[in-house]
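Here are the chains, one letter per residue:
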Amino acid sequence: MKQQEIDLDFSRRQVMTIVNVTPDSFFAGSRTPDWQDVERRVRTAVAAGASIIDVGGYSSRPGADEVPPEEEWRRVDLGIGAVRTLSPEIPVSVDTFRSSVAAKAIRKYGKVIVNDISAGELDPQLVDVAAEYDVPYVAMHMKGDPRTMQSLADYRDIVAEVVDYFRVRTAQLRERGVRRIVVDPGFGFAKTLDQNYELLRGLHRLAELGYPVLAGVSRKSMIYKLLDTTPAEALNGTTALHWECLRQGAAILRVHDTREAVEVVRLFDRFTQV
């Protein structure tokens, strides 16, 4: 089934559930390498209240191995196909930095959100794909690529530099025809542990640019390394930081654990209405 339009209502906060059709994503619980695993995860996410399903076929963890475009597309095709079969109305996001993968997904399945970890820096044609098909585009801040990014965490003022980057980059994206832009500060991508927390403290400054902000902190090393634990044991820390992301103005939480994130959003919404 092809989706003709994507209606993202940012008057309410969104929960984007991660579906990694990969064998090597950093959190083993998010790996869904075959149809049965994808089906089980999608059913659980939809039942728990996910707003968006984010399908990825290329692990972007630090030091991740290269995945050929053909294999990435095979994985993404499997994932989106399962989502469209099980829940055809839910918006789907494609986590890719390759224009070829995004274009194939749109041609086969209709409108999808393009979630690009490089904001078009690794494959500039991906911006053109988003503009041509008029789909929402998530632009994330990163330096280098997944293999090199952790050697590039050199900033004088990380908050100011990330905000300035997006001030320029969003203008460039709009000039190239991208109408619906979401910005992602890229927690864990070319950032040290301390820089991640500095960026979180200043997330409201990114929100002040006027674009919806996506926050992806779920089970990341900024949590489990600080707590001297593992990704599998980082849910409690994730929940704590999700509240702070919402307080700082995040419009989308990108998560591994749907029910817990949906509950944080519900509690935060109630808290802010009092």
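Refer to the structure printed above.
Residues numbered from 1 in each chain as written. Predicted model: local features only at pLDDT ≥ 70, side-chain atom pairs only at ≥ 80, totals over all residues. Heavy atoms only, no water.

Undergrad: I'd like a rundown of the pattern of salt bridges, residues and numbers included.
TA: Two side chains of opposite charge can pair, provided their charged atoms sit close to one another. This model, assessed by the stated rule, comprises 18 salt bridges. For the salt bridge of lysine 108 with aspartate 77, the shortest nitrogen-to-oxygen distance reads 3.0 Å. On the criterion of sequence distance, the pair formed by lysine 108 in helix 3 (residues 99–109) and aspartate 77 in helix 2 (residues 69–86) is long-range, its members being 31 residues apart. Note on lysine 108: relative accessible area 42%, which makes it partly exposed. Residue aspartate 77 is classed as buried on the basis of its relative accessible area, which comes to 18%. (Salt bridge = Lys/Arg side-chain N within 4 Å of Asp/Glu carboxyl O. Helix = DSSP H or I, 4+ residues; strand = E, 2+ residues; numbered from the N terminus. Buried < 20%, exposed > 50% of the residue type's maximum accessible area, 1.4 Å probe, protein only.)

Undergrad: Residue-level account of helix 2, with values.
TA: Counted at 1.5 Å a residue, the expected span for helix 2 with its 18 residues is 26 Å, and the 26 Å between its end C-alpha atoms agrees. Those residues of helix 2 that sit buried are Glu72, Trp73, Arg75, Val76, Asp77, Leu78, Gly79, Ile80, Gly81, Ala82, Val83 and Arg84. (Expected span 1.5 Å × (residues − 1).)

Undergrad: An account of the nonpolar core is requested, with residue identities and associated values reported.
TA: Core analysis: the largest hydrophobic core is formed by 73 residues, its most contacted members being Ile53, Ile80, Tyr137, Val178, Phe187, Leu203 and Cys245. At seven residues, helix 5 (residues 158–175) tops the list of elements feeding residues into this core. Apart from residues no more than four positions distant in its own chain, valine 178 is found in contact with Val127, Ala130, Ala131, Tyr137 and Leu173. In terms of nonpolar packing, the next biggest core, distinct from the first, is built from ten residues, Ile6, Met16, Val182 and Ala251 among them. (Core = buried A, V, L, I, M, F, W, Y, C linked by side-chain atoms within 4.5 Å. Contact = heavy atoms within 4.5 Å.)

Undergrad: A description of the packing of aromatic side chains should follow, citing residues and the corresponding values.
TA: Applying the stated criterion across every chain yields a total of four aromatic pairs. Ring centres of tryptophan 243 and phenylalanine 268 lie 5.1 Å apart, and the angle between their planes is 80 degrees; on these two criteria the pair is classed as edge-to-face. Residue tryptophan 243 is found in helix 9 (residues 235–247), and its partner phenylalanine 268 is found in helix 10 (residues 258–273); the two are separated by 25 residues along the sequence. A residue is classified by how much of its surface remains accessible, and tryptophan 243, at 28% relative accessible area, is partly exposed. Assessed through its relative accessible area of 4%, phenylalanine 268 is described here as buried. Through pairs of rings, three or more aromatic residues link up here, namely Trp243, Phe268 and Phe271. Looking at lysine 143, its charged tip hangs above the ring of tyrosine 155, at a distance of 4.0 Å from the centre. (Phe/Tyr/Trp six-rings, centres within 6.5 Å; stacked < 30°, edge-to-face > 60°. Lys NZ or Arg CZ within 6 Å of the ring centre and 35° of its normal.)

Undergrad: Can you explain the pairing of strand 8 (residues 252–255)? Please cite residues and give values.
TA: Side chains Ile252 and Arg254 of strand 8 all project onto a buried face; the interleaved residues Leu253 and Val255 project onto the opposite face, where all are buried too. Here four bridges tie strand 1 (residues 14–20) to strand 8, and the two strands are oriented parallel to one another. Its bridge partner lying in strand 8, valine 15 is registered against leucine 253. (Pairing = 2+ DSSP bridges.)

Undergrad: Tell me about unusual backbone geometry, residues and numbers included.
TA: The phi dihedral of arginine 219 is positive, around 55 degrees, even though this residue is not glycine. Looking at where arginine 219 falls in the secondary structure, it is placed in the loop between strand 7 (214–215) and helix 8 (221–224). Using a relative accessible area of 5% as the deciding quantity, one classes arginine 219 as buried. Here aspartate 228, not a glycine, exhibits a phi torsion of approximately 55 degrees, which is positive. When you line up the elements, aspartate 228 lands in the loop between helix 8 and helix 9.

Undergrad: Give me the lowdown on the sheet that holds strand 4 (residues 113–116), citing residues and values where you can.
TA: Spatial ordering of the open sheet is given by 6-5-4-3-2-1-8-7, a layout of eight strands whose pairing is parallel. Single-partner strands in this sheet number two, and they are strand 6 (181–184) and strand 7. Strand direction decides the pairing type here: strand 4 and strand 5 (residues 137–140), joined by three bridges, are parallel. Residue asparagine 115 lies in a different strand from strand 5, and its bridge partner there is valine 138. Across the sheet, helix 1 (residues 35–48) lies against strand 1, strand 2 (52–56) and strand 8, angled at about 170 degrees from strand 1, the strand it touches most. (Axes fitted to C-alpha atoms, helices over the stretch in contact; angles between N-to-C directions.)

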